[in-house]
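Listed below, chain by chain, are the residues.
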Amino acid sequence: MKKRALLSVSDKTGIVEFARELHGLGFELVSTGGTKRVLRDAGIPVLGVSELTGFPECLDGRVKTLHPVIHAGILARRDHPEHMAQIAKLGISTIDMVVINLYPFKATILKDDVTFEEAIENIDIGGPTMIRAAAKNWQDVTVIVDPRDYDGVLAEMKLGKISLETKARLARKVFAHTANYDAMISNWLGRQAGDDPLPETITMTYEKVQDMRYGENPHQRGAFYREVGKGFEGTIAAAKQLHGKELSYNNINDANGALDTLKEFDGVCAVGVKHANPCGVGLGKTLHEAYVNMYNADPVSIFGGIVALNERVDAATAEEIAKIFVEIVIAPGYEPEALEILCRKKNIRVLELPEIRQKNKREFLDMKKVAGGLLVQELDCELMNEEELKVVTDRAPTAEELAQLKFAWRVVKHTKSNAIVLVKGDQTVGVGPGQTNRITALELAIKYAGDKAAGSVMGSDAFFPFDDCVEAAHQAGITAIIQPGGSIRDEDSIKKCNEYGIAMVFTGMRHFKH
Ligand SMILES: NC(=O)c1ncn([C@@H]2O[C@H](COP(=O)(O)O)[C@@H](O)[C@H]2O)c1NC=O
């Protein structure tokens, strides 16, 4: 008896060539409306599904293949005499190969002008039903959902038969594919309806952008995945690499941190990051000025770091960057001369991200894998509530101090806790990240700042449990402090500030980051 293949594809790439080969190998071909037309136009003999089922496609294509003749033909177990007897009695022939790809739901929802109705119509029903059936009966039915598998399958057929390993692999691919497809649908519908972003169960779908040479360390494997079906403009996932070696796992993590910090600033800004912490942030009237301020903030740490800039890079800035080794430069664009200067350096990775100023969306969520589970929270998209900003000391900060305090606050938010950031003028002068106590974070920041500590202002990501930080600040010549407040010993710190004439403001908002 002739083998039978059912072909029903939305993405018609390669289908004519594949069908022609199947026909040549003696297969009888059966197809749904559009696929059948394409094959017939190419002169390939093909039977319509309706001719097999004796039932017309109806409801605008909502029902085409949903028929027992199709599903029994796929699902009958060839090693079960009863199954075979039953389908024979019903006049149903077996289907030995199913070649399907689904309605393009992802491409549809990514369209700017997509309507709800259009998205719903692009939810495939018949396709997943058939491929799941075929994958369940994988030993008897070969199922192909990806045009990239056509050649491999043909090659095996020409050698005699499709191996069980291949059939099993293709079947597993089906269940990954339908799980992805359904996750995409449920996430999109949930977002349209404004469902709780922290639901009872989380089903996410990410697609691989690239394998990494390794993960955080050379003995760990790593890869980068991108969210599916969501806009990711302005994120590291949308960056275009213009020059340099492949991005590493740590590059992506660090660049992500640099972008997060950069997005806090509306003015011209340069951010330097090392090990996911800002090591320097500079502001300026020009990008060159901002870069130089960032560089001078900590000329030691920026070596081998990540530089994120929120303006198109000019030649003068590129010359400055090229003086040292940095792993990555990421910016909205580059003047041709600037790009040429940077590209002269073999080891620098140059990334372009036109929407670099686009703010992060809360719905991106922040996730952290812990052994055996997943911590999920909204992204920290708040900075502070300006109305709640409270001067708690006798002396209020001057306008200049206040501007610098807000600058420090923007940076300390993106520094690992416990974090202290010192700012003077248009640059950070000392960043004390990731300490297990606050006083050491401050001591570290003061050490980094050196002579520049005197006359600087301080941001702290969380409250002061004791007044020791105020004492140390005074010793270093720090003139003003911004912190959330909320300690039971706030009064001690306030008292000490008043004693030393330090101005202190409370934001009422904490920014732990771990
Ligand atoms: N409703 C059905 O019975 C049905 N059967 C197959 N499809 C899909 O129809 C598409 C192919 O359609 P056409 O051959 O008409 O271009 C494929 O993506 C296939 O997955 C169906 N469509 C959607 O549910």
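Residues numbered from 1 in each chain as written. Predicted model: local features only at pLDDT ≥ 70, side-chain atom pairs only at ≥ 80, totals over all residues.

An unreviewed UniProt entry lists the chain under the name Bifunctional purine biosynthesis protein PurH, with Feifania hominis given as the organism. UniProt lists a comment for the chain under the heading Sequence similarities (unreviewed entry), and it reads "Belongs to the PurH family." (UniProt positions renumbered as here; feature names shortened; annotations may be inferred.)

*Asks:* Which residues make up the pairing of strand 1 (residues 4-9), and what are the values?
*Replies:* Counting buried residues along strand 1, five of its six residues qualify, which places the element largely inside the surrounding structure. Where strand 1 lies against strand 2 (residues 28-31), four bridges are found, and the strand directions are parallel. Along strand 2, the bridge assignment pairs Ala5 with Leu29. Note on the crossover from strand 1 through helix 1 (residues 15-24) to strand 2: the handedness is right-handed. Relative to strand 4 (residues 97-101), strand 1 runs parallel, the two being bridged by five bridges. When the bridges of strand 4 are listed, Ala5 appears paired with Met97. (Buried ≥ 20, exposed ≤ 12 C-beta atoms within 10 Å, placed from the backbone. Helix = DSSP H or I, 4+ residues; strand = E, 2+ residues; numbered from the N terminus. Pairing = 2+ DSSP bridges. Right-handed = clockwise from strand over helix to strand, strands pointing away.)

*Asks:* Talk me through the domain arrangement of the chain; I want residue IDs and the actual numbers.
*Replies:* It is common to report an interface's size as the accessible area lost on association of the parts. Segmenting the chain into domains produces domain 1 (4-193), domain 2 (234-381) and domain 3 (386-506). Computed over C-alpha atoms, the centres of domain 1 and domain 3 are 63 Å apart. (Domains from an automatic or database assignment.)

*Asks:* Break down the UniProt feature "domain: MGS-like" (unreviewed entry) in the chain for me, citing the residues and quoting the values.
*Replies:* Within the UniProt annotation, "domain: MGS-like" (unreviewed entry) is assigned to residues 1-145. For residues 1-145, the helix share is 44%, the strand share is 14%, and the end-to-end C-alpha distance is 25 Å.

*Asks:* Before we move on, can you summarise the sheet that holds strand 2 with the specific residues and values?
*Replies:* A sheet is described by the order of its strands in space; here five strands give the open sequence 3-2-1-4-5, paired in parallel fashion. Each edge of the sheet is formed by a strand with only one pairing partner; in this case those strands are strand 3 (47-48) and strand 5 (142-144). Docked against the sheet, helix 8 (residues 126-136) engages strand 1, strand 4 and strand 5, running at close to 145° with respect to strand 4. (Contact = placed C-beta atoms within 7 Å. Axes fitted to C-alpha atoms, helices over the stretch in contact; angles between N-to-C directions.)

*Asks:* Just give me the short version of the packing of helix 8 against helix 10 (residues 164-193), but keep the residues and values in it.
*Replies:* Relative to each other, helix 8 and helix 10 sit at 150°, their axes nearing to 9 Å. It follows that helix 8 is roughly antiparallel to helix 10 by the angle criterion. As helix 8 runs across helix 10, the sense of the crossing is left-handed. For the pair helix 8 and helix 10, contact is made by Pro128, Ile131, Arg132 and Ala135 and by Ala171, Val174, Phe175, Thr178 and Tyr181, respectively. Across the contact of helix 8 with helix 10, the residue classes break down as seven nonpolar, one polar and one charged. (Parallel < 35°, antiparallel > 145°, perpendicular 65-115°, else oblique. Left-handed = near helix turned anticlockwise from the far one by under 90°. Nonpolar A, V, L, I, M, F, W, Y, C, P; charged D, E, K, R; others polar.)

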